[in-house]
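Spelled out, the chains give:
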There are 2 protein chains.
Amino acid sequence: MQDLKKFIRDVPDFPKPGIVFKDITPLLHNAEAFARVIKVFADRYSAEKIDKIAGIESRGFIFGGALSVQMGVGFVPIRKHGKLPWTKVSEEYVLEYGKDRIEMHVDAVSAGERVLVVDDLLATGGTCGAVCQLIEKRKALVASLAFVVELDFLNGREKLKGRDIFSIMHF
Amino acid sequence: MQDLKKFIRDVPDFPKPGIVFKDITPLLHNAEAFARVIKVFADRYSAEKIDKIAGIESRGFIFGGALSVQMGVGFVPIRKHGKLPWTKVSEEYVLEYGKDRIEMHVDAVSAGERVLVVDDLLATGGTCGAVCQLIEKRKALVASLAFVVELDFLNGREKLKGRDIFSIMHF
């Protein structure tokens, strides 16, 4: 997937000084590159039983929504606190400074369903770990975690140990 | 599209007392309903020249991302203030109380490109009007505005007068 890397733009000092942000918008702007990412995901999971795809707000919505239609499965939006309107389960997770909370509608997954979690980026794995908890609280199963980009040096895999993880690009 | 309406859930008093929120998550959860919405959009625009699809954060990302891959065109995320990392154009718009600001990367569209704007809901049309301004600031053209749901009683079409508007469901 080396050739897809040219569509990932380094933005220094975002969101704060010293951090180099991996900007995936050039990949989205390019029809072939975006479609290729979705095809790589679809091919990777075509032989598995996947009942739902869960996308993490906001960039996970772009890839997760596209993959859901491509694979013909339902889509579950996992949102930040206070955004979902109906009855929810929620899960707190720790940030570098402070805490945050993500939520999912209680009817988003059924007991025993196999859920593929999709996001643009695996960094420390904190958010994704909380998403797995949400899904398991509803007695569904996390089939796999799929990322467009993984930042290997942040050791997100360590935090998500024991889970199946697939990333298209590694930095 | 009457049969798609059963996948839209009314949630009273969200986000505040007296407002009945149209919840599109049951539609997303259902693979056939979600795929059908994307097919209706794709069929509607198949005969038009569309160079880019712009999706409005956050629910517009789900539909816009899926439609981009289905139609084979690039995707442009339109985001709330401070979320995009690189060089941006921004546009302010008026809310019921106060103001907000949306942003787009300057390289998201090229001069003369025809852009289809996608969002889940047309309400007052304030946000969507600002999105059109953003696209036109970069000398691209707004080909059409596509919504899953339109709240007719809020007269968003009036604010967007002169623009091509397509909504799958009307309430």
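As the structure is a prediction and not an experimental result, all values here were calculated from the model. (Residues numbered from 1 in each chain as written. Chains lettered and ligands numbered in written order. Predicted model: local features only at pLDDT ≥ 70, side-chain atom pairs only at ≥ 80, totals over all residues. Heavy atoms only, no water.)

Draft legend 1. Structural detail: the sheet that holds strand β4 (residues 74–80) of chain B. Residue and element names in this part refer to chain B. The sheet built from seven strands is open, its strands ordered β5-β6-β4-β3-β7-β8-β9 with mixed pairing. Strand pairing shows two members of the sheet lacking a second neighbour, β5 (88–94) and β9 (165–170), which therefore form its edges. Strand-to-strand, the axes of this sheet are offset by a mean angle of 20°, without reference to chain direction. Taken together, the five bridges between strand β3 (residues 52–56) and β4 define a ladder with parallel strand orientation. Bridge pairing links Lys-52 to Gly-74 in β4. Running at roughly 140° to strand β7 (residues 114–122), helix α3 (residues 59–71) makes contact with β3, β4, β7 and β8 (141–150) of the sheet. (Pairing = 2+ DSSP bridges. Helix = DSSP H or I, 4+ residues; strand = E, 2+ residues; numbered from the N terminus. Axes fitted to C-alpha atoms, helices over the stretch in contact; angles between N-to-C directions. Contact = heavy atoms within 4.5 Å.)

Draft legend 2. The arrangement of unusual backbone geometry in detail. The omega torsion of the bond from Phe-14 of chain B to Pro-15 of chain B falls at -5°, within 30 degrees of zero and hence cis. Tracing the backbone shows Pro-15 of chain B in the loop between β1 (9–12) and β2 (20–23). Omega for the peptide link from Glu-57 of chain B to Ser-58 of chain B comes to -5°, which places this bond in the cis form. Topologically, Ser-58 of chain B is positioned in the loop between β3 and α3. Unlike most non-glycine residues, Lys-139 of chain A shows phi in positive territory, near 65°. Residue placement: Lys-139 of chain A occurs in the loop between α4 (126–137) and β8 (141–150).

Draft legend 3. Expanded view of the packing of helix α2 (residues 31–45) of chain A against helix α3 (residues 59–71) of chain A. All names here are of chain A. Packing of α2 against α3 leaves a shortest axis separation of 10 Å and a crossing angle of 55°. Considered as vectors, α2 and α3 are oriented oblique to each other. Like other packed secondary-structure pairs, α2 and α3 cross with a definite hand, here right-handed. The segment α2 lies against α3, with Phe-34, Val-37, Ile-38, Phe-41, Ala-42 and Tyr-45 engaging Ile-62, Phe-63, Ala-66, Leu-67, Gln-70 and Met-71. (Parallel < 35°, antiparallel > 145°, perpendicular 65-115°, else oblique. Left-handed = near helix turned anticlockwise from the far one by under 90°.)

Draft legend 4. The arrangement of helix α4 (residues 126–137) of chain B in detail. Taking 1.5 Å as the rise per residue, α4 of chain B with 12 residues should run 16 Å; its terminal C-alpha atoms sit 17 Å apart, in good agreement. Directly beyond the C-terminal end of α4 of chain B, a positive phi value near 65° is found at Lys-139 of chain B. (Expected span 1.5 Å × (residues − 1).)

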